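# Architecture at a glance
In case you want the letters, here they are:
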Amino acid sequence: MNDREIVQLYFDRNPVAIEKTAQKYKSYCICIAKNILGNSEDSEECFNDTLHNTWNSIPPKKPENLGTYLGKIIRNLCFDRYRRSQTEKRGKGETALVLSELKECVSGKETPEQNLYRKELSLAINSFLNTLSKEKRSIFVCRYWYAFSVSDIAKKFGKTETNISVILSRLRGELKEFLTERGYEI
């Protein structure tokens, strides 16, 4: 069943939508959750919460890419859970490291225009990613979207951990410069 058909099931309020979503996207969502939380039980709970949130948000929302929509929901749920837990054991400390690495690139200041700012920032980051080679973009996304460890990324791309660390450091520097040039406070 394709995404459009699954989304239509949500609009029809057909509970089969949840079953079809789980069949198609459970492993994808659990992978994201485990990378952030490092815990199978918490990852399963976040996946169930993702299904619940999806049921409650479609309609009125009508995502064009269901996988990306689910990925965003589960990431947000996992980061919220991580912040609540405040423990270094979860995620092998990788989540705290991922967030601290990006801290120097994105200010995170709260303003009344936060929603508009976040959308503009998202567009700017996507523009930056479009300037990168496919490999560098994939490395960046593996680290900062999926929260893969540096060693996992190194294995995936057949590089050393040091090489991946250098690539990520340079990409963060380039992102910082890119955003600064566009008027973002860093």
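Coordinates for the structure precede this section.
Residues numbered from 1 in each chain as written. Predicted model: local features only at pLDDT ≥ 70, side-chain atom pairs only at ≥ 80, totals over all residues. Heavy atoms only, no water.

### Digging into the packing of helix α2 (residues 16–37) against helix α4 (residues 66–85)
So the rule is basically this: To obtain an axis, a line is fitted to C-alpha atoms, over the contacting stretch when the element is a helix, and the angle between two such axes runs from 0 to 180 degrees between their N-to-C directions. Secondary structure elements are defined from DSSP: runs of H or I of at least 4 residues count as helices, runs of E of at least 2 residues count as strands, and each element is numbered from the N terminus. Crossing chirality is assigned from the near helix's rotation relative to the far helix, an anticlockwise turn below a right angle marking it left-handed and a clockwise turn marking it right-handed. When checking whether two residues touch, look at their non-hydrogen atoms; a contact exists if any pair is within 4.5 Å. Each residue is assigned to one class: nonpolar for Ala, Val, Leu, Ile, Met, Phe, Trp, Tyr, Cys and Pro, charged for Asp, Glu, Lys and Arg, and polar for all the others, Gly among them.
In contact at an axis separation of 9 Å, α2 and α4 are set at 35 degrees when each is read in the N-to-C sense. The chirality of how α2 crosses α4 is right-handed. Two secondary-structure elements touch here, α2 through T21, Y25, Y28, C29, I32, A33, I36 and L37 and α4 through L66, G67, T68, L70, G71, I74, R75, C78, F79, R81 and Y82. When the residues that make up the contact of α2 with α4 are grouped by side-chain class, the tally is 13 nonpolar, four polar and two charged.

### Let's talk about the nonpolar core
To be explicit about the condition: What makes a nonpolar core is a set of buried Ala, Val, Leu, Ile, Met, Phe, Trp, Tyr and Cys residues whose side-chain atoms join them at distances within 4.5 Å. Working definition: with a 1.4 Å probe on protein chains only, accessible area under 20% of the residue-type maximum means buried, over 50% means exposed, and in between means partly exposed.
By size, the foremost hydrophobic cluster in this structure holds 27 residues, and its most contacted members are I36, L66, I74 and C78. Of all the secondary-structure elements, those providing two or more residues to this core are α1 (3–11), α2, α3 (40–57) and α4. Setting aside its immediate chain neighbours within four residues, L66 contacts D3, I6, V7, T21, Y25 and I58. Listed in part, the 22 residues of the second largest apolar core include F128, I139, A154 and L179.

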